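Overview (structure and organization)
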Amino acid sequence: MNFVRDVVDVADPAKPALVAISHEGERREIAFGEVSDRAARLAGALARRGVGRGDVVMTVVGNRPEWAYAMLACWRLGAVAQPCAEQLRPADLHARMEQVAPRAVVADERDADVVTSAGFDAPLLSVPDARLFDSEPAEPAELSPSDPGLIVFTSGTAGRPKPIRHGQGYLAGQRVQAEHWYGAREGDLCWCTAASGWSLSARNAFVAAWLRGAAALMHDARFDPDERLELLERERVTVLCMSPTEYRAIAKRSQLRPLPALRHAVAAGEPLNPEVVRAWQEEVGVAIHDGYGQTETGHLTGMPIGPAVRPGSMGRPLPGFRAWIDEDELVIDPQTVPTFFLDGPRDRPWRTGDRVREDEDGYLWFEGRTDDVIISAGYRIGPFEVE
């Protein structure tokens, strides 16, 4: 298997793959043929600098095509992509470098100084740089699902950020959520707004869309509520994936309005309060499908496509995924989750550490972390009850 060969290289070379909008507002449409060629040549440039199968390549690039090319170049070679958010400072990058020992770094030219200040003295490839695509295209490696392909760090909310390794099978494993939660279809334009460096962007910025025959939008700019609505309207985005914080901010700071092209919307990363779901449904005309996953597991649950959305619920387990509630905690069977991390135990249930309840129809409702609970007069009280 090889995601790049099996999905990108075989696509119609004239078919749209990316709609890229730069920080300055420049718009480009990029077809699969160009994506395939650029990724293969960047893979060649990495190989010339000593990057091979199993080596870690760190990326510090915004939501721009060069980030996609860098990720694809790694997967083409069988190297391990380790995306980092541009917000990280030298000390943050240095801590990550100590844990994953990158063989090379691909960085936006605006972030190159941050990388060197972190003490990195191995090959640093700055983008954009047309010379990187002068290399001979690298041949795709034949890989297995368990070959390492991606490292994503946890958020660090419960301690020092930890590197989580995923196999090449993690990429193909996104088909389940791409169909049953993300909802991408042939001909769609999908926009996942998550910053490059988070696990959600690694699977939904372009991977999920391409697995379903859709194109992906990449916008290299900071969040601005009014601009977000304007781009959704102008580009006629059909599938939208944002964090609950973004949905809330737009509802509060902008004037929501109908977006006829927007067919489907999803949210993940934190609980989505029912009031926001109702506001978008009433004023925009789209029901937000909340979902849930972890850096270690990938996406696990989602509001099903078809039935009416239940505001506040994180949906049901994805088809084929076995999950249940044990002592108020969500537990999964790793053997049924194709996106489970490489170093996780597969011979026993995985306890998520999240307090979840299940209603009579099998819908799941997030209540907090198990370590957030306090006991008062015999009652278990979480942060949502306090709010």
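Everything below is about the structure printed above this text.
Computed from a predicted model, the values in this text were never measured in an experiment. (Residues numbered from 1 in each chain as written. Predicted model: local features only at pLDDT ≥ 70, side-chain atom pairs only at ≥ 80, totals over all residues. Heavy atoms only, no water.)

1. Notes on the overall build of the protein chain
Along the protein chain, the regular secondary structure elements total 13 helices and 21 strands. Taking 21 Å as the expected radius of gyration for a compact globule of 387 residues, we find that the protein chain reaches 21 Å, a close match to that expectation. The principal-axis extent of the C-alpha atoms belonging to the protein chain is close to 65 × 45 × 35 Å. Residues counted as buried form 56% of the 387 residues belonging to the protein chain. When contacts within the protein chain are restricted to residue pairs at least 6 apart in sequence, those whose partners lie at least 24 apart make up 65%. For the protein chain, the exposed surface amounts to about 16300 Å²; the carbon and sulfur share of it is 47%. With 43 positive and 58 negative side-chain charges, the protein chain shows a separation of 2 Å between the mean positions of the two kinds. (Helix = DSSP H or I, 4+ residues; strand = E, 2+ residues; numbered from the N terminus. Rg over C-alpha atoms; globule rule 2.2 N^0.38 Å. Buried < 20%, exposed > 50% of the residue type's maximum accessible area, 1.4 Å probe, protein only. Contact = heavy atoms within 4.5 Å. Areas by Shrake-Rupley, 256 points an atom, 1.4 Å probe, with all protein chains shown as cover. Lys, Arg positive; Asp, Glu negative; His and termini not counted. Charge placed at Lys NZ, Arg CZ, Asp CG, Glu CD.)

2. Digging into the packing of helix 10 (residues 225-235) against helix 11 (residues 244-253)
Orientation of helix 10 relative to helix 11, taken along the N-to-C sense of each, is 100°, at an axis distance of 9 Å. The orientation of helix 10 relative to helix 11 falls into the category roughly perpendicular. Note on element contacts: helix 11 touches helix 10 through Glu 246, Ala 249, Ile 250 and Arg 253, opposite Pro 225, Asp 226, Arg 228 and Leu 229. The residue inventory of the contact of helix 10 with helix 11, partitioned by class, reads 4 nonpolar, no polar and 4 charged. (Axes fitted to C-alpha atoms, helices over the stretch in contact; angles between N-to-C directions. Parallel < 35°, antiparallel > 145°, perpendicular 65-115°, else oblique. Nonpolar A, V, L, I, M, F, W, Y, C, P; charged D, E, K, R; others polar.)

3. A few points about the packing of helix 2 (residues 32-48) against helix 3 (residues 65-77)
A pair of packed helices is characterised by two quantities: the angle between their axes and the separation of those axes. Relative to each other, helix 2 and helix 3 sit at 65°, their axes nearing to 8 Å. What the angle tells us is that helix 2 and helix 3 run roughly perpendicular. Seen from above, helix 2 lies across helix 3 with right-handed handedness. Contacts from Glu 34, Val 35, Arg 38, Ala 39, Ala 40, Leu 42, Ala 43, Leu 46 and Ala 47 in helix 2 reach Tyr 69, Ala 70, Leu 72, Ala 73, Arg 76 and Leu 77 in helix 3. For the contact of helix 2 with helix 3, the residue count by class is 12 nonpolar, no polar and 3 charged. (Left-handed = near helix turned anticlockwise from the far one by under 90°.)

4. Details of the packing of aromatic side chains
As enumerated under the stated definition, the model contains 10 aromatic pairs in all. Relative to Phe 133, the ring of Tyr 69 has its centre 6.0 Å away and its plane inclined at 85°; by these criteria the two rings are edge-to-face. Residue Tyr 69 is located in helix 3, and its partner Phe 133 is located in the loop between strand 6 (124-127) and strand 7 (148-153); the two are separated by 64 residues in the primary sequence. Under the relative-accessibility criterion, Phe 133 is labelled buried at 10%. By way of ring pairs, the aromatic residues Phe 3, Phe 32, Trp 67, Trp 75, Phe 206 and Trp 210 are connected into one cluster. The ring of Phe 133 is capped by Arg 38, whose NZ or CZ atom sits 4.4 Å from the centre of that ring. A cation sits over an aromatic face here: Arg 322 above Trp 324, 4.3 Å from the ring centre. (Phe/Tyr/Trp six-rings, centres within 6.5 Å; stacked < 30°, edge-to-face > 60°. Lys NZ or Arg CZ within 6 Å of the ring centre and 35° of its normal.)

5. Notes on the pattern of salt bridges
A pair can form between side chains of opposite charge whenever their charged atoms are brought close. Scanning the model with the defined rule gives 31 salt bridges in all. The salt bridge involving Glu 186 is made with Lys 15; its shortest N-O contact spans 2.4 Å. Remark: Lys 15 occurs in the loop between helix 1 (3-9) and strand 1 (16-21) and Glu 186 occurs in the loop between helix 7 (175-180) and strand 9 (189-192); sequence separation between them is 171 residues. Glu 235 is the salt-bridge partner of Arg 234, the closest N and O atoms lying 3.0 Å from each other. On the basis of relative accessibility, which here comes to 44%, the residue Arg 234 falls in the partly exposed class. The class of Glu 235 is buried, set by a relative accessible area of 9%. Residues joined by salt bridges that share partners form a network here, namely Arg 64, Glu 66, Glu 86, Asp 108, Arg 110 and Asp 220. (Salt bridge = Lys/Arg side-chain N within 4 Å of Asp/Glu carboxyl O.)

6. Concerning the sheet that holds strand 13 (residues 288-294)
The mixed open sheet is built from 9 strands, whose spatial order is 2-1-10-9-11-12-13-14-15. Each of the sheet's edge strands pairs with one partner strand only, and the pair in question is strand 2 (27-31) and strand 15 (316-317). (Pairing = 2+ DSSP bridges.)

7. Thoughts on the nonpolar core
Ranked by internal contacts, the top residues of the largest apolar core, which has 79 residues, are Phe 3, Leu 72, Trp 75, Tyr 182, Phe 206 and Trp 210. With 10 residues, helix 3 is the single largest residue contributor to this core. In this structure, Phe 3 is in contact with Val 8, Leu 72, Trp 75, Leu 171, Val 207 and Leu 211, ignoring residues within four places of it in sequence. Formed by 32 residues, the second largest nonpolar core is a distinct cluster that contains Ala 215, Leu 240, Ala 265 and Ile 288. (Core = buried A, V, L, I, M, F, W, Y, C linked by side-chain atoms within 4.5 Å.)

8. Section: the environment of Glu 270
The topology assignment puts Glu 270 in the loop between strand 12 (264-267) and helix 12 (274-283). In this structure Glu 270 comes out as partly exposed when scored by relative accessible area, which is 29%. Taking the C-alpha atoms as reference points, Glu 270 and Gly 25, separated by 245 residues in sequence, lie 30 Å from one another. Those residues in contact with Glu 270 that sit more than four places away from it in its chain are Ser 243, Pro 244, Thr 245, Arg 248 and Asp 290. Side chain to side chain, Glu 270 and Arg 248 meet in a polar contact 2.5 Å long. (Polar contact = N/O pair within 3.5 Å; in protein donor to acceptor, adjacent residues only side chain to side chain.)

9. A short note on the sheet that holds strand 18 (residues 350-358)
Strand order in this open sheet of 4 strands is 16-17-18-19, and the pairing throughout is antiparallel. Both outer strands of the open sheet, strand 16 (323-326) and strand 19 (364-369), are each paired with one neighbouring strand and no more. In this sheet, adjacent strand axes meet at a mean angle of 50° when their direction is disregarded. Pairing of strand 16 with strand 17 (residues 329-332) involves 4 bridges; the strand directions are antiparallel. Counterpart to Asp 326 in the pairing with strand 17 is Glu 329.

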